[in-house]
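Summary of the model geometry
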Amino acid sequence: MQNDLVTEKVIIVGGGMVGLSLALMLAKQKIQVQLLEAIKYPIFESEGEIPYHSSFDARNTALSRRSVQIYQQLGLWDLLQVHATPILQVHITEQGSFGKARLVAEEEKVESFGQVIENAWLGRVLLTEVRKEALIELIDGVKVTELNQDQDQVHIEANRGEEALKLSAKLLIAADGRDSFCRQALGVGVDVHDYDQVAIVTAVQTSKPHQQVGFERFSPLGPLALLPLPGEYRRSVVWPVKKGTEHEWLGQENDQHFLDALQHTYGDRAGKFEKTGQRFCFPLSQVLAHKQAVGRVVLMGNAAHTIHPVAGQGFNLCLRDAFVLLRFITEQLEASEDIGQPEMLLAYEQSRLEDQKRVIKFCDSVVRGFSNSNPILKLIRNTGLVAFDVIPGIKPLVANYAMGLKA
Ligand SMILES: Cc1cc2nc3c(=O)[nH]c(=O)nc-3n(C[C@H](O)[C@H](O)[C@H](O)COP(=O)(O)OP(=O)(O)OC[C@H]3O[C@@H](n4cnc5c(N)ncnc54)[C@H](O)[C@@H]3O)c2cc1C
């Protein structure tokens, strides 16, 4: 290794949103990373090209203010910001009801309630930076198929076609998604709750400009979220609907039917729904690992906790986990201690439980509370789309509701 300051090596399995972000965090601390990803990443040939791959598909991610700060600290925000749209207002309404909540960033004395970025752009920016980073060895098109560990090291085997790869490190971070192979290889069990829903995801064009307003509309079909995207008239749609009904909305032949349903549900708040992109569908379940640290392996991202997207919290939580893990690893390095020390990983896990439990409980109750007519639950579920913890105005608003001060 050319860099004298480089001290340690970490293996990351899984190069989705979490794996790529973590690799860049570690490299910034002068830690060498071997990042293994099952899919073969695309080569970006033209300026505006954003092909879909793994994590980086048709979805859009609402980044909380804390996530933006983390990317700022990594020196990545300037690159991401050009593809992101701030949410300056949130309007929450319910079909068939006159009640509405309106949150305005300026009134809450915050710059914005978060920033929306297309996953494909997030992927392109992260991957481009990873490829430039000398400390990260990106090994893509490789599926990890064996994992075991002894007292000093974790050992993995991965297959790239005929070629078998054997790697070892003191610390392995498993960011290999909801169905994590690493988690299974470690024998870690999971609690699974199937919501019996799928999220229909796409981008639409409306006749009125979005003016950086996010809408959440509760309808009998499911809670529809419309978020502003780059381009004055483009908005992202996330619509969790009952599993088994998705065929009604998917496919080009259903474009007009889908636009009509949006129009019917939203009325004219967004003007006319003029065009829709291809719809994609994502099954929704909650998958929680019983343990996140086993020996020298730590589970990260969806491998540790996959949650319902209604509150736009999943990745934001993962990024906070990753940032805290980085702090623990850095402290070990500074103290010239073992960066894969099992006790340190257990301490990391312990330190994250409170935030994780709070977010998981919140998201789950937003989904389960949807059919409940309790007004406070209603408000909480209604405001669920944007990051609850980063909106100063939400808590007093909920409190006002609780005290009966606001209808
Ligand atoms: C519809 C929807 C909308 C969402 N919106 C938001 C939002 O607005 N805000 C928010 O914060 N969160 C949101 N989320 C949650 C967010 O998408 C997840 O938190 C995030 O994708 C987790 O990323 P990950 O890297 O952990 O997992 P993944 O994206 O699943 O990545 C795992 C990677 O590991 C690779 N892999 C798997 N097995 C192996 C193996 N054996 N060897 C090598 N590589 C392997 C896979 O190919 C993949 O690239 C949303 C989720 C959904 C479904």
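This report concerns the structure included in the present document.

Rules used in this analysis
- Residues numbered from 1 in each chain as written.
- Predicted model: local features only at pLDDT ≥ 70, side-chain atom pairs only at ≥ 80, totals over all residues.
- Heavy atoms only, no water.
- Helix = DSSP H or I, 4+ residues; strand = E, 2+ residues; numbered from the N terminus.
- Buried < 20%, exposed > 50% of the residue type's maximum accessible area, 1.4 Å probe, protein only.
- Contact = heavy atoms within 4.5 Å.
- Areas by Shrake-Rupley, 256 points an atom, 1.4 Å probe, with all protein chains shown as cover.
- Polar contact = N/O pair within 3.5 Å; in protein donor to acceptor, adjacent residues only side chain to side chain.
- Pairing = 2+ DSSP bridges.
- Axes fitted to C-alpha atoms, helices over the stretch in contact; angles between N-to-C directions.
- Salt bridge = Lys/Arg side-chain N within 4 Å of Asp/Glu carboxyl O.
- Phe/Tyr/Trp six-rings, centres within 6.5 Å; stacked < 30°, edge-to-face > 60°.
- Core = buried A, V, L, I, M, F, W, Y, C linked by side-chain atoms within 4.5 Å.
- Right-handed = clockwise from strand over helix to strand, strands pointing away.

Describing the overall build of the protein
Across its full length, the protein carries 10 helices and 21 strands. The burial tally for the protein puts 55% of its 407 residues in the buried class. For the protein, restricting intrachain contacts to residue pairs at least 6 apart in sequence, the fraction spanning at least 24 positions comes to 70%. Accessible area for the protein stands at about 17,900 Å²; split by element, carbon and sulfur atoms hold 50% of it.

Digging into the side chain of asparagine 119
The residue asparagine 119 is located in helix H4 (residues 119–132) in this model. We classify asparagine 119 as buried; its relative accessible area is 1%. A polar side-chain atom of asparagine 119 sits 2.6 Å from a polar atom in the side chain of threonine 61. Asparagine 119 has contacts with Met17, Ser55, Phe56, Asp57, Arg59, Asn60 and Thr61, leaving out every residue within four places of it along the chain.

Observations concerning the sheet that holds strand S10 (residues 154–160)
A sheet is described by the order of its strands in space; here three strands give the open sequence S9-S10-S11, paired in antiparallel fashion. Of all strands in the sheet, those with a lone pairing partner are strand S9 (143–149) and strand S11 (163–169), marking the two edges. On average, adjacent strands in this sheet sit at an angle of 20 degrees to one another, irrespective of strand direction. Two elements, S10 and S11, share seven bridges in a ladder whose sense is antiparallel. Bridging from a neighbouring strand, valine 154 pairs with alanine 169 of S11.

Things to note about the pattern of salt bridges
As enumerated under the stated definition, the model contains 17 salt bridges in all. For the salt bridge of arginine 352 with aspartate 355, the shortest nitrogen-to-oxygen distance reads 2.6 Å. Within this pair, arginine 352 and its partner aspartate 355 are both found in helix H8 (residues 342–368), separated by three residues, close to a single helical turn. By relative accessible area, which is 12% here, aspartate 355 ends up buried. Taken together, the salt bridges that share partners define one network made up of Arg320, Asp321, Arg352, Asp355 and Arg358.

Details of the side chain of glutamine 332
Within the secondary structure layout, glutamine 332 lies in helix H7 (residues 314–334). Residue glutamine 332 is classed as buried on the basis of its relative accessible area, which comes to 12%. Side chain to side chain, glutamine 332 and glutamine 341 meet in a polar contact 3.3 Å long. Ignoring any residue separated from it by four or fewer positions in sequence, one finds glutamine 332 in contact with Glu337, Asp338, Ile339, Gln341 and Met344.

Concerning the packing of aromatic side chains
Overall, the coordinates contain six aromatic pairs when judged by the stated rule. The interplanar angle of 85 degrees and the centroid separation of 6.2 Å between the aromatic rings of phenylalanine 328 and tyrosine 348 together place this pair among those described as edge-to-face. Of the two residues, phenylalanine 328 sits in helix H7 while tyrosine 348 sits in helix H8, which places them 20 residues apart along the sequence. Comparing phenylalanine 328 with tyrosine 348, the two get one shared label, buried. Ring pairing ties together the aromatic residues Phe215, Tyr266 and Phe273, which thus form one cluster.

Brief notes about the environment of lysine 208
You can see lysine 208 is positioned in the loop between strand S13 (190–206) and strand S14 (213–219). Accessibility expressed as a relative area gives 38% for lysine 208, which makes it partly exposed. In this structure, the C-alpha to C-alpha distance between lysine 208 and alanine 270, residues 62 residues apart in sequence, is 5.5 Å. Excluding residues that lie within four positions of it along the chain, lysine 208 makes contacts with Tyr233, Arg235, Asp268, Arg269, Ala270 and Gly271. There is a polar contact of 3.1 Å between the side chain of lysine 208 and the backbone oxygen of aspartate 268.

Examining the nonpolar core
For soluble globular proteins, the rule of thumb is that nonpolar side chains tend to be buried together. Residues Ile12, Leu26, Tyr71, Ile173, Met300 and Phe315 are the most contacted members of the largest nonpolar core, which totals 55 residues. Counting residues per element, this core draws most heavily on H7, at 10 residues. Judged by nonpolar contacts, the second largest core, of 23 residues, contains Val154, Leu167, Val294 and Val297.

Re the pairing of strand S2 (residues 32–37)
In terms of residue burial, S2 counts as a mostly covered element, since six of its six residues are buried. Both faces of S2 are covered, namely the face carrying Gln32, Gln34 and Leu36 and the face carrying Val33, Leu35 and Glu37. Here five bridges tie strand S1 (residues 9–13) to S2, and the two strands are oriented parallel to one another. Bridge assignment links isoleucine 11 to a residue of S2, and that residue is glutamine 34. For the crossover that starts at S1, traverses helix H1 (residues 17–28) and ends in the parallel S2, the hand is right-handed. Note that S2 and strand S8 (residues 136–140) share five bridges and pair parallel. Within the sheet, the bridge partner assigned to leucine 36 lies in S8 and is isoleucine 139.

Structural notes on the pairing of strand S7 (residues 115–118)
Of the two faces of S7, the one holding Gln115 and Ile117 and the one holding Val116 and Glu118 are both buried throughout. As judged from the four bridges shared by strand S3 (residues 60–63) and S7, these two strands associate in the antiparallel manner. Pairing of threonine 61 across the sheet is with isoleucine 117, part of S7. Both strand S4 (residues 84–86) and S7 contribute to a ladder of three bridges, which runs antiparallel. If you follow proline 86 over to S7, its bridge partner there is glutamine 115.

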